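Chain residues, written in single-letter form:
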Amino acid sequence: MISIMNRVQLKRSNILRMALAGSDAMDGGKGETFLLKAIKIGGVVAIYWFISITMVFLNNYLLDSKDLDAPLFVTFYQCLVTVGLCYGMHLLSHLCPGVIDFPSVKFDLKVCREVLPLSIVFIGMITFNNLCLKHVGVAFYTVGRSLSTVFNVLLSYVILKQTTSFYAILCCGIILGGFWLGVDQEGVAGSLSWTGVFFGVLASACVSLNAIFTKRVMPAVDGNIWKLSFYNNINACILFLPLILVFGEVGHLVHFSRLGDPTFWGMMTLGGVFGFAIGYVTGLQIKFTSPLTHNVSGTAKACAQTVIAVVYNQSSKSFLWWTSNLMVLGGSSAYTWVKGMEMKKVHIPQEESKEKLLGEKSDAGV
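Everything numeric here is computed off the predicted structure, so don't read it as measured data.

Cut-offs applied
Residues numbered from 1 in each chain as written. Predicted model: local features only at pLDDT ≥ 70, side-chain atom pairs only at ≥ 80, totals over all residues. Heavy atoms only, no water. Helix = DSSP H or I, 4+ residues; strand = E, 2+ residues; numbered from the N terminus. Buried < 20%, exposed > 50% of the residue type's maximum accessible area, 1.4 Å probe, protein only. Contact = heavy atoms within 4.5 Å. Areas by Shrake-Rupley, 256 points an atom, 1.4 Å probe, with all protein chains shown as cover. Patch = residues over 30% accessible without salt bridge, like charges linked within 9 Å, V, L, I, M, F, W, Y side chains within 5 Å. Salt bridge = Lys/Arg side-chain N within 4 Å of Asp/Glu carboxyl O. Phe/Tyr/Trp six-rings, centres within 6.5 Å; stacked < 30°, edge-to-face > 60°. Lys NZ or Arg CZ within 6 Å of the ring centre and 35° of its normal. Axes fitted to C-alpha atoms, helices over the stretch in contact; angles between N-to-C directions. Parallel < 35°, antiparallel > 145°, perpendicular 65-115°, else oblique. Left-handed = near helix turned anticlockwise from the far one by under 90°. UniProt positions renumbered as here; feature names shortened; annotations may be inferred. Polar contact = N/O pair within 3.5 Å; in protein donor to acceptor, adjacent residues only side chain to side chain. Nonpolar A, V, L, I, M, F, W, Y, C, P; charged D, E, K, R; others polar.

Engineer: What am I meant to see in the overall build of the protein chain here?
Structural biologist: A tally of regular secondary structure across the protein chain gives 14 helices and zero strands. Secondary structure elements in the protein chain, listed N-terminal to C-terminal, are α-α-α-α-α-α-α-α-α-α-α-α-α-α. Per-residue burial for the protein chain yields a buried fraction of 41% across its 366 residues. Within the protein chain, contacts between residues at least 6 apart in sequence are counted, and of these 84% link residues at least 24 apart. When the accessible surface of the protein chain is split by element, carbon and sulfur atoms take 68% of a total near 20500 Å².

Engineer: What is the right way to read the environment of V338 from this model?
Structural biologist: In this structure, V338 sits in helix α14 (residues 319–363). According to the relative accessible area criterion, V338 is buried, its value standing at 10%. When the C-alpha atoms of V338 and C171 are compared, they prove to be 8.7 Å apart, with 167 residues separating the residues in sequence. With near-sequence residues (within four places) excluded, V338 lies in contact with S165, Y167, A168 and C171.

Engineer: Hey, could you run me through the side chain of S146 in this one?
Structural biologist: Relative to the helices and strands, S146 is located in the loop between α6 (141–144) and α7 (148–160). By relative accessible area, S146 is classed as buried at 6%. Sequence-distant contacts of S146, that is, excluding residues within four places in its chain, are made with I175, F179, S204 and V328.

Engineer: Would you take a moment to explain a nonpolar patch on the surface for this structure?
Structural biologist: Together, L154, Y157, V158, I159 and L160 give the surface a local cluster of nonpolar side chains, amounting to about 440 Å² of exposed area. Position of L154 among the secondary structure elements: in helix α7.

Engineer: Sorry, what's going on with unusual backbone geometry here?
Structural biologist: In most cases, non-glycine residues show a negative phi, while peptide bonds are predominantly trans. For D222, which is not glycine, the phi torsion reads 60° and is therefore positive. By secondary structure assignment, the location of D222 is in the loop between α9 (194–217) and α10 (225–246). One non-glycine residue, Q314, lies in the positive phi region at around 55°. Considering the arrangement of structural elements, one finds Q314 in the loop between α13 (291–312) and α14. Of the residues examined, Q314 reaches a relative accessible area of 75% and is grouped as exposed.

Engineer: Help me understand the pattern of salt bridges, please; the structure alone is not making it clear to me.
Structural biologist: Where charged atoms from two side chains of opposite charge approach closely, those side chains can pair. The full count for this structure, using the stated rule, is five salt bridges. The partner of R258 in a salt bridge is D261, and the shortest N-O contact between them spans 3.3 Å. Overall, R258 belongs to the partly exposed group, its relative accessible area being 24%.

Engineer: Just to check I follow, could you spell out the packing of aromatic side chains for this structure?
Structural biologist: The geometry of an aromatic ring pair comes down to the distance between the two centres and the angle between the two planes. According to the stated counting rule, one finds 15 aromatic pairs in the structure shown. Judged by centre distance (5.5 Å) and plane angle (75°), the rings of F179 and W180 are edge-to-face. The exposure class assigned to F179 is buried, which follows from its relative accessible area of 3%. Residue placement shows R216 over the ring face of F213; its charged tip is 5.7 Å from the ring centre.

Engineer: Could you clarify how one ought to interpret the packing of helix α4 (residues 71–95) against helix α12 (residues 262–288) in this entry?
Structural biologist: For any two helices packed against each other, the geometry is given by the interaxial angle and the distance between the axes. One way to put it is that α4 packs onto α12 with a least axis distance of 8 Å and a crossing angle of 60°. Our classification of the angle between α4 and α12 gives oblique. Crossing hand, α4 versus α12: right-handed. In contact with F73, V74, Y77, Q78, V81, T82, L85, C86 and M89 of α4, α12 contributes W265, M268, T269, G271, G272, V273 and F276.

Engineer: In this structure, what is going on with the environment of L85? I would like to understand it.
Structural biologist: One can find L85 in helix α4. The exposure class assigned to L85 is partly exposed, which follows from its relative accessible area of 27%. Taking the C-alpha atoms as reference, L85 lies 9.0 Å from F230; in sequence the two are 145 residues apart.

Engineer: In this structure, what is going on with the UniProt feature "transmembrane region" (unreviewed entry) in the protein chain? I would like to understand it.
Structural biologist: In this structure's numbering, the residues bearing the UniProt feature "transmembrane region" (unreviewed entry) are residues 38–58, 70–95, 140–160, 166–183, 195–213, 233–251 and 263–282. Annotated as residues 140–160, this span is 81% helix and 0% strand, and its ends, taken at the C-alpha atoms, are 31 Å apart.

Engineer: Which parts of the structure should I look at to understand the side chain of S156?
Structural biologist: Inspection of the secondary structure assignment puts S156 in helix α7. A polar side-chain atom of S156 sits 2.5 Å from the main-chain carbonyl oxygen of N152. With sequence-adjacent residues up to four places away left out, S156 is seen in contact with F151, K161, Q162 and I212.

Engineer: Is there a simple way to think about the packing of helix α5 (residues 109–136) against α10 in this case?
Structural biologist: One can describe the packing of α5 onto α10 by two numbers: an axis separation of 8 Å at closest approach and a directional angle of 65°. Considering their axes alone, α5 and α10 lie roughly perpendicular with respect to each other. Considering the relative orientation of α5 and α10, their crossing is right-handed. Residues V111, C112, V115, L116, L118, S119, I120, F122, I123, I126 and T127 of α5 lie in contact with α10, whose contacting residues are L228, Y231, N232, N233, I234, N235, A236, L239, F240 and L243. Of the residues assigned to the contact of α5 with α10, the class counts are 16 nonpolar, five polar and no charged.

Engineer: For this particular structure, what's the right way to read the environment of F247?
Structural biologist: Mapped onto the elements of the fold, F247 is located in the loop between α10 and α11 (249–254). On the basis of relative accessibility, which here comes to 58%, the residue F247 falls in the exposed class. Residues F247 and L72, 175 residues apart in the sequence, show an inter-C-alpha distance of 8.7 Å.

Okay, structure coming up:
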């Protein structure tokens, strides 16, 4: 009798675990083979790396042009391309509903106003990001833009009143140490741009603010990231126009010799397409792996990007310069791992309480 009761409880426990885990756990061995899953994941990660690295080098090429000193216009045009692609995907989803899945993106002035605070931060993020890339180059870009994690911790405490664990703060200390060592080594090499470092710090702060404001405005776009991208880039296009006038970039454009060159506009458009595509492949990588794996992949990609830039430019870097990069990348990876472990500690008790509650309901015959 006792053994029968144990078997019933065991079966019930397994059913509860499967219900809590979702359909993936229920599929068992009937789903895809390990090899097929590995190939798919490898393909998605490779696409993410290719688009992300290519986008950085392409933006560096466009922004580093000696003939055209108009970073705001370059960024404005990329936002314009994103708006066009969002609307194009919206139309294609209606023409091919079974093939393309994209949300409806009809213009709504009320939603534009609600998204506006985020758009102001978004403009700062992409502008300072591009200005940092313009002044420091691709090789130092990872270190120059490495303080996003530190600002995440700082601004989460100041704005959201969220505290951070000792180990997470320790990881931030490693990142800060790597940042200062990198700045020092760039100075020793004679290639330091304080302007680029300044823009990198501002870009890092804006990245953190962007994440905070994104959470606040998501309800205005029904929680859809593509709708948010559409309205965000519309606002950005409008706000960039007076900035382009104020900073005198119109004069640079008028005297630009390649203004009628199709190759130039092709490269500009390609930069916008890659900017749009990075949003898609980021979501795809998270879907096929996990947020934690995505962050680790991003860190490894940044390392590969730095090596490619140094090799491509035939640069010679000191041991301490490479150490600064490893400190930044190692600190970022460790922070991701620490936060992942902390989330698991919170998540597991919740799952156990759910299982216990379902078990009690089952015992009661609910």
